[in-house]
Amino acid sequence: MRTPVPGETDLLVPLHEGLFEQPMWQTFLSRLRAAAGAAQAAIVVMAASGEDVIEVRSGQGGEGFARFLTEGHADESARLQLMREARVYALEEIVAAGGPAQADFAADVLRPAGIFDLRAVRLREPAGLDGWLILAGREELGAAQGRLLALVVPHFRAALRAFSALERERARAQISAEAFRRMNFGWITLDAACCVVDMDSQAESLLARTSAIRKGPRGRLLPASPEIDRALTSQVRALAADPAARPKALHLSRDPWIDLLVAPVRLHGLAGGNQPVAVAYISGDRSSSADRREQLVGLFGLSPSEARLAWAMAQGLGIAEAAAELGLTVETARNYSKKIYAKTGARGQADLVRHILTSVLALA
């Protein structure tokens, strides 16, 4: 028959839910410390490289358990030698196995802080994380505290694996978010009523700095143009009725340039709440046309007049269209374009667009 963990529901549920606390695991550590009658409880999580360390504690007393457990043992193989996985160690055993560095830390840091004994268990997560669960006391700890840690080990292992998986997904999400940020892309998911279900930080930033589109008081995504609003509503309804409907591109603004691509949601979560039927990919220039023209002057050595024409052509306008928009004659625009091609090294308008949109200007 399984030996129950004291206060199992009160103790183990917070261990698994502690991943979502800030700081993490505070409720679990507080209850573990109380159940063990210890002065302090702590969790240390470290990458195999020893460079990234998370240490969370409950209670007053010793600090720097990560340093104590790894002092003089920066590499993973040395830490393995210090503490065998899943075995509960007492302070005197860690000091005996660790050598002078651990002995000095116990004497110089732990004892002055009132910590005279501890129990610690170490686990190794397959993806490369080391995790320690520690109880520290102002007086000698006994077998009861060791048994408590041993009983918690399987649950601590599961929590450590969940933490590792969340960290991997967080790192991947950060890389994806950085790529979207550099390309000036964001995403907004919409339900069948065209209300925002969720959005990323890039989309939030774009909505905050443009008047071309906004989130309404009831959560509805509202383009400033009634015509675009009708087109967006029609597209979302079409996707709600037929998830295989084709994506639709909508142009929101020319200065700064902002586009929207409304596509079906290909991935559906199981988190509940409003289910999105569409995802709107929003792309917006962070700079105005005036800013971009100024940047072109500095980047390619164009005159202000040449920069105005170059930016207009980069937006897809032909020579005649750009000339009309800028109040130039076609002949003057042609003369400017020859100078633009010479200074940028472009061999034509398509090459000019590539030069401008793939230059460092895209990251400005």
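Bear in mind the structure is a predicted one, so any value in this text is a computation, not a measurement.

Caption draft 1: Structural detail: unusual backbone geometry. The omega torsion across Gln22 and Pro23 is -10 degrees, close enough to zero to call that bond cis. Among the structural elements, Pro23 can be located in the loop between helix H1 (8–17) and helix H2 (26–36). The phi dihedral of Trp25 is positive, around 65 degrees, even though this residue is not glycine. The residue Trp25 is located in the loop between H1 and H2 in this model. One non-glycine residue, Ala86, adopts positive backbone phi at about 70 degrees.

Caption draft 2: The arrangement of the packing of H2 against helix H7 (residues 143–182) in detail. Running from amino to carboxyl end, H2 crosses H7 at an angle of 145 degrees, the nearest separation of the two axes being 10 Å. Crossing geometry of H2 relative to H7 is assigned as right-handed. The segment H2 lies against H7, with Phe28, Leu32, Ala35 and Ala36 engaging Gln145, Leu148, Leu149 and Val152. Counted by class, the contact of H2 with H7 contains 7 nonpolar, 1 polar and no charged residues.

Caption draft 3: Structural detail: the packing of helix H5 (residues 91–98) against helix H6 (residues 100–110). One way to put it is that H5 packs onto H6 with a least axis distance of 6 Å and a crossing angle of 135 degrees. The angle between the axes of H5 and H6 places the two elements in the oblique class. From H5, Leu91, Ile94, Val95 and Gly98 reach across to H6, where they touch Pro100, Gln102, Ala103, Ala106 and Leu110. Along the lines of polarity and charge, the residues of the contact of H5 with H6 split into 7 nonpolar, 2 polar and no charged.

Rules behind the numbers
- Residues numbered from 1 in each chain as written.
- Predicted model: local features only at pLDDT ≥ 70, side-chain atom pairs only at ≥ 80, totals over all residues.
- Heavy atoms only, no water.
- Helix = DSSP H or I, 4+ residues; strand = E, 2+ residues; numbered from the N terminus.
- Axes fitted to C-alpha atoms, helices over the stretch in contact; angles between N-to-C directions.
- Left-handed = near helix turned anticlockwise from the far one by under 90°.
- Contact = heavy atoms within 4.5 Å.
- Nonpolar A, V, L, I, M, F, W, Y, C, P; charged D, E, K, R; others polar.
- Parallel < 35°, antiparallel > 145°, perpendicular 65-115°, else oblique.

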